[in-house]
Amino acid sequence: MNSQLQHLLHNNPHIWLGDEAQPKGEGVTGLPTGYPSLDAILPERGWPKNALIEMVTPQWGFGELQLLLPLMRSVTQQKRWMFWVCPPYIPYAPALASAGVDINYLVTIDSKTTCKDAMWSVEKALQSENCGLVMAWLDSLPNGVIRRLQLAATEGKTSGVLFRNHETKNSPAALQLRLKHTGQGVHA
């Protein structure tokens, strides 16, 4: 690797190399996940800010939403909107409310929505600074679309989560988590 490239890679606080113990730069912190052991292993010590996260699960309803409850609670406490796009199940409002999520800031977009309309909804919600979290259950998106959504999240200063059943190689998402069930709960 030439020296200019090495200098760029090793001195840019926005680039984290997988072999580094923690990210570079002062003040580089993510949004707390609510789970200290998960924060400890994530590159930004929490969910990446203003970014797209991919959660790869073997099936929907696996317990993946448990990981996001603290973030959902935080977003709605800030009086920012939370969009659920094409969820496989109708959100159970009593459970969300008992977990401290203000369901008055929850918008759902039906799973029967066309892919084109769902993608438009995700992108526009991510671009809106009034929105704090967009969660979408869209399993087969090309990397170009994921990159566009990542840019929308950055532009709108919004967090986005794509739930998928299949891992994408070389994903442009800021973070990709593979979840598995171990009999003792969900693990990343």
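Located above this text is the structure these notes cover.
Fair warning: this is a prediction, and the values are worked out from it, not measured in the lab.

## Regarding the sheet that holds strand 4 (residues 131–137)
Stage number 1. Strand order in this open sheet of 6 strands is 3-2-4-5-1-6, and the pairing throughout is parallel. At either end of the open sheet lies a strand with only one pairing partner, and these are strand 3 (106–109) and strand 6 (175–178). Across this sheet, the average inter-strand angle for adjacent strands is 15°, counted without regard to direction.
Stage number 2. Relative to strand 4, strand 2 (residues 81–85) runs parallel, the two sharing 5 bridges. Residue pairing for strand 4: tryptophan 81 is matched across the bridge by cysteine 131.

## Side note on the pairing of strand 5 (residues 159–164)
Stage number 1. Buried residues dominate strand 5, accounting for 6 of its 6 residues.
Stage number 2. Residues Ser159, Val161 and Phe163 of strand 5 are buried on one face, and the alternating residues Gly160, Leu162 and Arg164, pointing to the opposite face, are buried as well.
Stage number 3. As judged from the 5 bridges shared by strand 1 (residues 52–56) and strand 5, these two strands associate in the parallel manner. Looking at the pairing, valine 56 lines up with arginine 164 of strand 5.

## Quick look at the side chain of aspartate 39
Stage number 1. Within the secondary structure layout, aspartate 39 lies in helix 2 (residues 36–41).
Stage number 2. Buried charge without a partner: aspartate 39 forms no salt bridge, and the closest opposite charge is arginine 45, 8.7 Å away.
Stage number 3. At 2.7 Å, the side chain of aspartate 39 and the side chain of threonine 33 are in polar contact.
Stage number 4. When residues no more than four places from it in sequence are discounted, the contact partners of aspartate 39 are Pro32, Thr33, Gly34, Arg45 and Gly46.

## Quick word on the packing of helix 5 (residues 115–127) against helix 6 (residues 143–156)
Stage number 1. Two numbers describe how helix 5 lies on helix 6: the axes approach to 6 Å, and their chain directions differ by 30°. With respect to each other, helix 5 and helix 6 are oriented roughly parallel. Contact residues: helix 5 offers Met119, Val122, Glu123, Leu126 and Gln127, while helix 6 offers Val145, Arg148, Leu149, Ala152, Ala153, Glu155 and Gly156.
Stage number 2. Taken together, the residues that form the contact of helix 5 with helix 6 break down as 7 nonpolar, 2 polar and 3 charged.

## Side note on the environment of tyrosine 105
Stage number 1. Along the chain, tyrosine 105 turns up in the loop between helix 4 (93–98) and strand 3.
Stage number 2. In this structure tyrosine 105 comes out as buried when scored by relative accessible area, which is 19%.
Stage number 3. Sequence separation between tyrosine 105 and glutamine 78 is 27 residues; the distance between their C-alpha atoms is 9.9 Å.
Stage number 4. If we skip the residues at most four places from it in the chain, tyrosine 105 touches Thr76, Lys79, Arg80, Trp81 and Met82.

## Describing the nonpolar core
Stage number 1. Counting residues in each nonpolar core, the largest one holds 26 residues, and the members touching the most others are Trp47, Met55, Leu68, Met72 and Met135.
Stage number 2. If you list the elements that add at least two residues to this core, you get strand 1, helix 3 (64–77), strand 2, strand 4, strand 5 and strand 6.
Stage number 3. Non-local contacts of methionine 55, meaning those with residues more than four positions away in its chain, are made with Trp47, Glu64, Leu67, Leu68, Val161, Leu162, Phe163, Arg164, Leu177 and Leu179.
Stage number 4. Grouped together as the second largest cluster of nonpolar side chains are 21 residues, Met119, Val122, Leu141 and Leu162 included.

## Remarks on the packing of aromatic side chains
Stage number 1. Scanning the model with the defined rule gives 3 aromatic pairs in all.
Stage number 2. With 5.6 Å between their ring centres and 50° between their planes, tryptophan 84 and tryptophan 137 make a pair best called tilted. With tryptophan 84 in strand 2 and tryptophan 137 in strand 4, this residue pair connects regions lying 53 residues apart in the sequence.
Stage number 3. Plain terms: the ring middles of tryptophan 137 and phenylalanine 163 are 4.6 Å apart, the flat faces sit at 20° to each other, and that makes the pair stacked. Here tryptophan 137 is found in strand 4, whereas its partner phenylalanine 163 is found in strand 5, with 26 residues between them in sequence.
Stage number 4. Of the aromatic side chains, those joined through ring pairs into one cluster are Trp84, Trp137 and Phe163.

What counts and how
- The numbers attached to residues start from 1 for each chain and follow its sequence in the written order.
- The predicted nature of this model means local features are confined to residues of pLDDT at least 70 and side-chain atom pairs, given and counted, to a pLDDT of 80 or more, with totals for whole chains, interfaces and linings taken over all residues.
- Heavy atoms from the whole structure form the basis of all side-chain values; hydrogens and water molecules are not counted.
- Should DSSP find at least two bridges between two strands, the strands are taken to pair.
- Helix numbering and strand numbering both begin at the N terminus, where a helix is a DSSP run of H or I of at least 4 residues and a strand a DSSP run of E of at least 2.
- Note on method: axes are straight lines fitted to C-alpha atoms, helices fitted across the in-contact stretch only, with angles between N-to-C directions ranging 0 to 180 degrees.
- For every residue, the accessible area obtained with a 1.4 Å probe (protein chains only) is divided by the maximum for its type, and the residue is called buried under 20%, exposed over 50%, and partly exposed between those limits.
- Residues scored as positive are Lys and Arg, those scored as negative are Asp and Glu, and His as well as the terminal groups of each chain are ignored.
- Should a side-chain nitrogen of Lys or Arg be within 4 Å of a carboxyl oxygen of Asp or Glu, the pair is scored as a salt bridge.
- Between N or O atoms, a polar contact is any pair within 3.5 Å; within protein, one atom must be a potential hydrogen donor and the other a potential acceptor, and residues adjacent in sequence are included only when both atoms are from side chains.
- When checking whether two residues touch, look at their non-hydrogen atoms; a contact exists if any pair is within 4.5 Å.
- Orientation labels follow simple angle bins: below 35 degrees gives roughly parallel, above 145 gives roughly antiparallel, 65 to 115 gives roughly perpendicular, and whatever is left gives oblique.
- Gly is placed with the polar residues, together with every amino acid not listed as nonpolar (Ala, Val, Leu, Ile, Met, Phe, Trp, Tyr, Cys and Pro) or charged (Asp, Glu, Lys and Arg).
- The definition of a nonpolar core used throughout is a set of buried Ala, Val, Leu, Ile, Met, Phe, Trp, Tyr and Cys residues joined through side-chain atoms within 4.5 Å.
- Two rings belonging to Phe, Tyr or Trp (six-membered ring only in the last case) form a pair when the distance between their centres is within 6.5 Å. Interplanar angles under 30 degrees mark stacking, angles over 60 mark edge-to-face geometry, and anything in between is tilted.

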